[in-house]
Amino acid sequence: MSDKIDLTIEFSGGLELLFGNQRRHTVSLPAAVVQTGGDDSIQHHRDRDGGTPPTVTHLIHHLRTHLLQERPELFVDGDTVYVVRLSLGSGCSRHAGSRPGILVLINDTDWELEGEGGYELKSGDEIVFISTLHGG
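This is a predicted model, so every value here is computed, not measured.

The rules behind these values
Residues numbered from 1 in each chain as written. Predicted model: local features only at pLDDT ≥ 70, side-chain atom pairs only at ≥ 80, totals over all residues. Heavy atoms only, no water. Helix = DSSP H or I, 4+ residues; strand = E, 2+ residues; numbered from the N terminus. Buried < 20%, exposed > 50% of the residue type's maximum accessible area, 1.4 Å probe, protein only. Salt bridge = Lys/Arg side-chain N within 4 Å of Asp/Glu carboxyl O.

K.L.:
Which residues make up the environment of Leu-7, and what values do they have?
P.N.:
Mapped onto the elements of the fold, Leu-7 is located in strand β1 (residues 4-12). Accessibility expressed as a relative area gives 2% for Leu-7, which makes it buried. C-alpha separation for the pair Leu-7 and Lys-122, spaced 115 residues apart in sequence, amounts to 7.8 Å.

K.L.:
So what's going on with the pattern of salt bridges? Residues and values would help.
P.N.:
This model, assessed by the stated rule, comprises 5 salt bridges. Residue Asp-6 pairs with Lys-4 through a salt bridge whose shortest N-O separation is 3.7 Å. Residue classification places Asp-6 among the partly exposed residues on the basis of a relative accessible area of 29%. Residue Lys-4 is classed as partly exposed on the basis of its relative accessible area, which comes to 38%. The shortest N-O distance in the salt bridge between Glu-126 and Arg-24 comes to 3.2 Å. On the criterion of sequence distance, the pair formed by Glu-126 in strand β11 (residues 126-131) and Arg-24 in strand β2 (residues 24-30) is long-range, its members being 102 residues apart. Take Arg-24: its relative accessible area is 44%, and that puts it in the partly exposed class.

Next comes the structure, spelled out in structure tokens:
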């Protein structure tokens, strides 16, 4: 088993502007992480026995720290992104007040069906973040 997880990340709907105007990124994360406290205390470990697989929450932290180039308030909300909650029959409701949200897809599936931020990432996963500011 590898000591890293390789992911494909895509931003669209305008989010790419926050990430150097680049839509697709290849990201490598350690295969095991340890959360020891607040946002900035995620420790990466190469030893699989020393932690757990990284999750989408870890990925969001990594993106904010290493790839986000401007206006973090448009991407992150604490440990997550500004998400849009879809409800059948009643359109969509926004999770972060009146701010437009971000749709998150994990391998072309809505992240709500995959466990949202708790989804354990696997090498080869494709994570897509789509801003709904301009209709998504």
